[in-house]
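As a plain string of letters, each chain reads:
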Amino acid sequence: MSNIFFTSDTHFGHKNIASEKGSQWKSGWRPYKSLKEHDQALIDAINSTVRIDDTLYHLGDWSFGGIENIWNFKRQLICQEIHLILGNHDHHIEDNKFLPNCKNMGGGWIMDSPPLDGYPNTYMYAKDLFRSVSHYKEIKTPAGIFVLSHYGMRVWHGSHKGWYHLYGHSHGTLPMQGKSMDVGVDVALNEFGVPRPFSLTEVMDILDKQKIVNIDHHEQSTNTGRPPR
């Protein structure tokens, strides 16, 4: 049986988030001696947690360091079912840029090396590497409905009904509000000591302790037809 996992803000290849020579990046400096160590730690953490047939939702800011790194890091992950919610640094993926360092071999197989001249069906584009790419996604799970975005929202579709909201972007600096949480790498480092994705079960263990917070005119009572209290 496949499982569902969530992560965000891997920042693969980002020299200013974990590098001896990089300038300290805001408050999000990660505890690694080098960028190489950082990237390998993230890859190992994902591969030891998410199996090949599991589903991983990545909530944005995939990689840095050039368009080639989109494939360079994707190829190292064993999970084949990765859905990407676009972050503010995912410009090459959003624009669906041509990937110069891999080719489509058919049957789901992607290989290193430039595409074969004269064979357009071997060309690969950034969005082709993921099961889906979007700015926003709503998914139904056995635990309930989740609203996924790169950015944390104050209210979201179904927030007054108890729908859940997962996001990234803020690197663990945004206070939790209602049934929403940051599932990014920095939160995982604080929670687990390793930058691994959160499982659906782990997310629910956290969010089920949170109360629904209504900060606008919507209330749970509006779902039943009764007037608000």
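These remarks concern the structure in this document. These numbers were taken from a predicted model, which means no experiment stands behind them.

1. Points about the sheet that holds strand E8 (residues 144–149)
Spatially, E7-E8-E9-E10 is the arrangement adopted by the 4 strands of the open sheet, whose pairing is mixed. Unpaired on one side and paired on the other, strand E7 (136–141) and strand E10 (180–182) mark the two borders of the sheet. Ignoring strand direction, the axes of neighbouring strands in this sheet form an average angle of 20 degrees. Taken together, the 6 bridges between E7 and E8 define a ladder with antiparallel strand orientation. Bridging from a neighbouring strand, Ile139 pairs with Phe146 of E8.

2. With respect to the pattern of salt bridges
The full count for this structure, using the stated rule, is 6 salt bridges. A salt bridge links Asp53 to Arg51, with the shortest nitrogen-to-oxygen separation between them at 4.0 Å. When its relative accessible area of 45% is taken as the criterion, Asp53 is described as partly exposed. You can call Arg51 partly exposed: its relative accessible area is 39%. Between Asp54 and Arg51 there is a salt bridge whose closest N-O contact spans 3.3 Å. Shared partners join several salt bridges into a network, and the residues in it are Arg51, Asp53 and Asp54.

3. Here we look at the nonpolar core
Core analysis: the largest hydrophobic core is formed by 30 residues, its most contacted members being Trp62, Ile70, Ile93, Leu99 and Phe130. Looking at this core, the elements that each hand over two or more residues are helix H1 (35–47), helix H2 (68–74), strand E3 (81–85) and helix H4 (185–192). Core analysis: the second largest hydrophobic core is formed by 18 residues, Phe6, Ala188, Leu200 and Met204 among them.

About the criteria used
Residues numbered from 1 in each chain as written. Predicted model: local features only at pLDDT ≥ 70, side-chain atom pairs only at ≥ 80, totals over all residues. Heavy atoms only, no water. Pairing = 2+ DSSP bridges. Helix = DSSP H or I, 4+ residues; strand = E, 2+ residues; numbered from the N terminus. Axes fitted to C-alpha atoms, helices over the stretch in contact; angles between N-to-C directions. Salt bridge = Lys/Arg side-chain N within 4 Å of Asp/Glu carboxyl O. Buried < 20%, exposed > 50% of the residue type's maximum accessible area, 1.4 Å probe, protein only. Core = buried A, V, L, I, M, F, W, Y, C linked by side-chain atoms within 4.5 Å.

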